[in-house]
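Below, each chain spelled out in residue letters.
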Amino acid sequence: MLTGVDVAALVAAVVWAVLATFLCVALVRLIKLINAATKVVSDLGDRTPPLLEDVASTVERTNTSLERVEEITANMQATSEDVSTVTALTRSVVTGPLVKVASFSYAVRRVLGERRTLALVRSRRRKEARR
């Protein structure tokens with residue numbers, strides 16, 4: 001028959017075997033997890049260089065487009081300055097003679113108006129002198 005020490009040893013052996021089994025199952029699951037993580041990292045490493053190349057080419061095209069936009073902006077600025085210069089020149093060329101013509105026209109109208117007034121005054125004096 002089994003003594004108390006034998007039963008305790010048997011219980012300890014069973015508990016130890018169950019614990020070892022759980023540890024083995026946990027270790028197997030941990031190994032599967034590590035293998036899956038390794039596969040994911042490997043796939044990520046395989047996919048990353050093409051993505052980085054795509055990003056680099058996209059950035060390069062964007063820089064080229066921005067350079068074109070900068071060139072267009074510089075051309076537009078130069079054109080705007082040219083238009084401003086032409087406008088100022090046109091204003092100075094047209095405004096000076098236009099002011100002179102307007103002044104001359106005003107002077108002629110004023111002189112003609114005074115002549116009419118003098119003519120009316122003379123005709124009234126003549127009429128009064130005749131009476």
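Residues numbered from 1 in each chain as written. Predicted model: local features only at pLDDT ≥ 70, side-chain atom pairs only at ≥ 80, totals over all residues. Heavy atoms only, no water.

J.: Describe in detail the overall build of the chain, supporting the description with residues and values.
T.: Summing up its helical and strand segments, the chain has 1 helix and 0 strands in all. Over its C-alpha trace the chain gives a radius of gyration of 54 Å, far above what one expects of a compact globule, namely 14 Å for 131 residues. Its C-alpha atoms put the chain at 180 × 35 × 15 Å along the principal axes. When the accessible surface of the chain is split by element, carbon and sulfur atoms take 66% of a total near 12200 Å². Side-chain charges of the chain comprise 19 positive and 13 negative groups, with the mean position of each set lying 39 Å from the other. (Helix = DSSP H or I, 4+ residues; strand = E, 2+ residues; numbered from the N terminus. Rg over C-alpha atoms; globule rule 2.2 N^0.38 Å. Areas by Shrake-Rupley, 256 points an atom, 1.4 Å probe, with all protein chains shown as cover. Lys, Arg positive; Asp, Glu negative; His and termini not counted. Charge placed at Lys NZ, Arg CZ, Asp CG, Glu CD.)

J.: Please provide a residue-by-residue account of the environment of Thr 117, values included.
T.: Inspection of the secondary structure puts Thr 117 in helix H1 (residues 4-130). The exposure class assigned to Thr 117 is partly exposed, which follows from its relative accessible area of 47%. (Buried < 20%, exposed > 50% of the residue type's maximum accessible area, 1.4 Å probe, protein only.)

J.: Give me a nonpolar patch on the surface: which residues, what numbers.
T.: A surface patch of nonpolar side chains, about 740 Å² in accessible area, is lined by Leu 2, Val 7, Leu 10, Val 11, Val 14, Val 15, Val 18 and Phe 22. On the secondary structure map, Leu 2 appears in the segment before H1. (Patch = residues over 30% accessible without salt bridge, like charges linked within 9 Å, V, L, I, M, F, W, Y side chains within 5 Å. Salt bridge = Lys/Arg side-chain N within 4 Å of Asp/Glu carboxyl O.)

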